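Structural overview
Letter by letter, the chains look like this.
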Amino acid sequence: MHVKILNLNENNLKLIVEGVDSSFLNSIRRIILSEVPCMAIDDVIILENSSVMSDEFLSHRLGLIPIKTNLDAYKLPEECECKSELGCPLCRASFTLDVESTEGVRVVYSGDHPGGSGDRSGKR
Ligand SMILES: [Zn+2]
């Protein structure tokens, strides 16, 4: 196996690996991703939805948005002193997505969400 690192910084690693099966590398990639802590939306309350998506589909899509999280300031709910089922600002995050189209069709991107990691241009 030969590994050549092309780029390495705090958030990215770009490398070329030669001499191993792609399924082996995919397994390593999956293990690495499973070790990255990631916060996501778990509960969704919809007050008004006039989009073409059903509430269930919209909730599912919101759950797929990774939420930027300051892990130094966040406490896991089971480790928080509040012991509340609803949580407190230390162990829960609450977001409001309020998007409206004033004329024509409006596409809502993950960047429109206050905790979303995407940008508002639709670029991935
Ligand atoms: Zn708490």
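Here is a short report on the structure shown in this document.

Some thoughts on the coordination of the zinc ion
Only Cys80 (SG), Cys82 (SG), Cys88 (SG) and Cys91 (SG) from the protein reach the zinc ion as donors, at distances of 2.2 to 2.3 Å. Each of the four donor atoms around the zinc ion contributes to a set of angles spanning 101 to 115°, which defines the coordination as tetrahedral. The motif formed by the donor residues of the zinc ion, counted along the single chain, is C-x1-C-x5-C-x2-C. With Cys80 in the segment after α2 (55–63) and Cys91 in the segment after α2, the pair connects residues that are 11 residues apart, well separated along the chain. Across the pair, Cys91 and Cys80 agree in class, each one buried.

Quick word on the pairing of strand β1 (residues 2–8)
Note on strand geometry: in a regular strand, side chains alternate between the two faces of the sheet. Pairing of β1 with strand β2 (residues 13–18) involves six bridges; the strand directions are antiparallel. Bridge pairing in β2 places His2 opposite Glu18.

Re the nonpolar core
One finds Met39, Ile41, Leu62, Ile65 and Ile67 forming the largest nonpolar core, which totals five residues. Beyond its immediate stretch of four places on either side in the chain, Leu62 contacts Ile41, Val44, Leu97 and His113.

Overview of the environment of Leu76
Counting through the fold element by element, Leu76 comes out in the segment after α2. Sequence separation between Leu76 and Thr102 is 26 residues; the distance between their C-alpha atoms is 39 Å.

Rules used in this analysis
- Residues numbered from 1 in each chain as written.
- Predicted model: local features only at pLDDT ≥ 70, side-chain atom pairs only at ≥ 80, totals over all residues.
- Heavy atoms only, no water.
- Donors = N, O, S within 2.8 Å, 3.2 Å for Na, K, Ca; no water.
- Tetrahedral: all angles 85-135°; square planar, octahedral: opposite > 155°, others 65-115°.
- Helix = DSSP H or I, 4+ residues; strand = E, 2+ residues; numbered from the N terminus.
- Buried < 20%, exposed > 50% of the residue type's maximum accessible area, 1.4 Å probe, protein only.
- Pairing = 2+ DSSP bridges.
- Core = buried A, V, L, I, M, F, W, Y, C linked by side-chain atoms within 4.5 Å.
- Contact = heavy atoms within 4.5 Å.

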